[in-house]
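An overview of the molecular structure
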Amino acid sequence: MKRMYSCVFILECTALALLCACADIDSSTQTYSERCHDDAKIKGYQADFGGYKKGKTIPFKHSDGYLFSLAVTDRNNYLDELCQKQLNTTLESAYPIYSISLSVKNPSFYYDSDDKEKHEIVEARFGQYVFSLVNPLAHKEARIVEKVGGKDSVYFGPDSLYFDEMEINGVTYKDVAVSYGSKYEDRDRKSSVESDAKLYYQTKKGILKIEMEDGSHIAINEKEDD
Amino acid sequence: MKKLFLLAFAALLFACFDSYDPPEDTDDTTILLNAKRKYVRDSVIYLADTVKFVDELIQSVSYSNDDDPWLHYSIQSMTSGVDIGLWVTSNSNGGNIKVWCSPNQYKEITFEEPVFPATAGVYKLIFKDSLEVNDSTYYNILKFDATDTLDKQCNISAFYYGMHDGIVKVVSKNGVELNRVPASVYEDALERRAEERARADSIAQAVADSIARAVADSIIQANTNKENGSDQENEDGDSITVSQDVADLAESVADCIRDAYLSGSLSALSDCEL
């Protein structure tokens, strides 16, 4: 009898050990809501984009000569009911009447590093146009570098998405990327097509220039008058 | 006692029904719903200020003329922040007019059973028989007025909706008027901008060519040799020979500088070295 109890005890311990070993596998089947946590703060490139703070104004110039300011009228970082981190920023000007919305939507956890990278985008909406603003450093790393005359020479041409430097209204900006916009065709914004609109940007100053299909553009205008 | 109770109950019921006054469609709502529209369901219009700015907008309308008629009108700019919606309904629960505008498109301003001039908080709807806009006269105008408000719900202070024509005027928060203009004004603006861009590009090209040429010449100057019997002569009558390698190098550097200048990249300029 005593021997039988010992065997049962050993069997129970073995079963318990097996159960504990399988607990890691069980934890990987956590539901989405179980993995959700309450830290809404968005960090990195998406949070740093433009350095926009509510109340900040940025001077701009329209190609038709208008001088105006884009004011940051809204900046909101929160966790939504689907456990997604959201960071929404609104830039507005009284005249010309512009409302530019910048939105970031990230899950509160990632499955892997690739999953994280594809979410590092700031979406900019300008009228009927929408631009996906990828981290400029990603474009920099994707450039084709060729050997020319024994030295590395960076290829850049009309299709380049990255510029080491760009001068805009008398001020030089570094690490500038460009995004080609899509254009919504209907009010419900359900379908979009490619467009020739371009948005130039950098992490530090945010939106630098938007070239529209009607031949006009707006550009940051930071040079002080002499 | 029982009869008294039943009588009191009946009287109560009668009082309740008698005091119930279901809202009715106002005549003003009906005016909006019945107005004959000149614009098609989806069309493009143009608004311009008195200087240079011209805006292209898409307006769309859907409606129903059944027992509970309704009208949905919206207009959105291609590039600016003008984004306005108008929703007129008429049903057994009463008529109303809802307005929404950018940047709060999902927050409606509702005018219940509107009789013009109608108010909803600080917002007003005003009816005008006609409105002169540039050289045109538009009739049966509904003006949405958001002037007397510090509320940031709308990025405009007013719009004028022509019941037959759609939006004919928008006023910005700082009072600038955008008036309805024909397509030719927009086309002229496109042409003007293309000419300005071409002029700027040709100036930039000329400057780039000039700089590139000057650099090429200085390279050739620094690398030329004097030899007898050659085609070119200097001011002393001695011959000057330019080797093909030097000429190629000068041309290559000139091209590099021209491209870098036109692209606006200072770092690329520094890469154009011997």
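Cut-offs and rules
- Residues numbered from 1 in each chain as written.
- Chains lettered and ligands numbered in written order.
- Predicted model: local features only at pLDDT ≥ 70, side-chain atom pairs only at ≥ 80, totals over all residues.
- Heavy atoms only, no water.
- Helix = DSSP H or I, 4+ residues; strand = E, 2+ residues; numbered from the N terminus.
- Buried < 20%, exposed > 50% of the residue type's maximum accessible area, 1.4 Å probe, protein only.
- Contact = heavy atoms within 4.5 Å.
- Areas by Shrake-Rupley, 256 points an atom, 1.4 Å probe, with all protein chains shown as cover.
- Phe/Tyr/Trp six-rings, centres within 6.5 Å; stacked < 30°, edge-to-face > 60°.
- Lys NZ or Arg CZ within 6 Å of the ring centre and 35° of its normal.
- Disulfide = S-S within 2.5 Å.
- Buried area = accessible area lost by both parts, 1.4 Å probe.
- Salt bridge = Lys/Arg side-chain N within 4 Å of Asp/Glu carboxyl O.
- Polar contact = N/O pair within 3.5 Å; in protein donor to acceptor, adjacent residues only side chain to side chain.
- Nonpolar A, V, L, I, M, F, W, Y, C, P; charged D, E, K, R; others polar.
- Expected span 1.5 Å × (residues − 1).

Some remarks on the overall build of chain B
- Helix and strand content of chain B: five helices and 15 strands.
- Scored against the burial criterion, the 274 residues of chain B give a buried share of 40%.
- Long-range pairs, those at least 24 residues apart, make up 41% of the contacts in chain B between residues at least 6 apart in sequence.
- As displayed, chain B offers around 15,600 Å² of accessible surface, 52% of which is attributable to carbon and sulfur atoms.

Some thoughts on the overall build of chain A
- Helix and strand content of chain A: five helices and 13 strands.
- Split into buried and exposed, the 226 residues of chain A put 38% on the buried side.
- For chain A, long-range pairs separated by at least 24 residues make up 47% of all intrachain contacts whose partners lie at least 6 apart in sequence.
- Accessible surface computed for chain A: about 13,200 Å², of which carbon and sulfur atoms make up 51%.

What to know about the packing of aromatic side chains
Residues and elements named next belong to chain A.
- A full pass over the atoms with the stated rule returns 17 aromatic pairs over all chains.
- Linked through ring pairs, Tyr45, Phe49, Tyr52 and Tyr201 together constitute an aromatic cluster.
- The lysine or arginine in question, lysine 209, covers the ring of tyrosine 200, its NZ or CZ lying 5.9 Å from the ring centre.

A word on the state of the cysteines
Residues and elements named next belong to chain B.
- In total, this model carries one disulfide over all chains according to the counting rule given.
- With a sulfur-sulfur separation of 1.6 Å, cysteine 101 is cross-linked through a disulfide to cysteine 154. Across the S-S bond of cysteine 101 and cysteine 154 the torsion is about -55°, and the bridge reads as left-handed. On the criterion of sequence distance, the pair formed by cysteine 101 in strand β5 (residues 94–101) and cysteine 154 in the loop between β9 (136–145) and β10 (156–162) is long-range, its members being 53 residues apart.
- With a relative accessible area of 2%, cysteine 154 lands in the buried category.

Focus on the interface of chain B and chain A
- Contact residues are listed per partner, giving 38 residues for chain B and 29 residues for chain A.
- Carbon and sulfur atoms supply 53% of the area buried between chain B and chain A, which totals about 2,800 Å² over both sides.
- Counting the surface chain B buries against chain A, the share from its top three residues, Gln76(B), Met78(B) and Thr79(B), is 21%.
- Put simply, chain B and chain A have three salt bridges between them.
- Ionic pairing is found between Asp214(A) and Arg193(B), a salt bridge with its closest N-O pair at 3.2 Å.
- Linking chain B with chain A are 11 residue pairs in polar contact (both at pLDDT 80 or more).
- For the side of chain B that touches chain A, the secondary-structure elements that each account for two or more residues are β2 (54–64), β3 (70–77), β4 (83–91), β11 (166–172), α3 (183–223) and α5 (266–270) of chain B.
- With five residues, the top contributor of residues to the side of chain B that touches chain A is α3(B).
- Residue classes in the side of chain B that touches chain A are distributed as 16 nonpolar, 15 polar and seven charged.

Observations concerning α3(B)
- If you check α3(B), its first and last C-alpha atoms are 60 Å apart, about what 41 residues at 1.5 Å a residue would give, namely 60 Å.
- Turning to α3(B), its buried residues number three or more, namely Tyr186(B), Ala189(B), Arg193(B), Ala208(B), Ala212(B), Ala216(B) and Ile219(B).

Focus on the side chain of Glu165(A)
- Here Glu165(A) shows up in strand β9 (residues 162–168).
- Among the polar contacts listed, one links the side chain of Glu165(A) to the side chain of Lys174(A), at a separation of 3.2 Å.

Looking at the pattern of salt bridges
- On inspection of all chains with the given rule, the structure shows 16 salt bridges over all chains.
- Several salt bridges share partner residues, and in doing so they unite Asp64(A), Asp214(A), Lys52(B), Arg192(B), Arg193(B) and Glu196(B) into one network.

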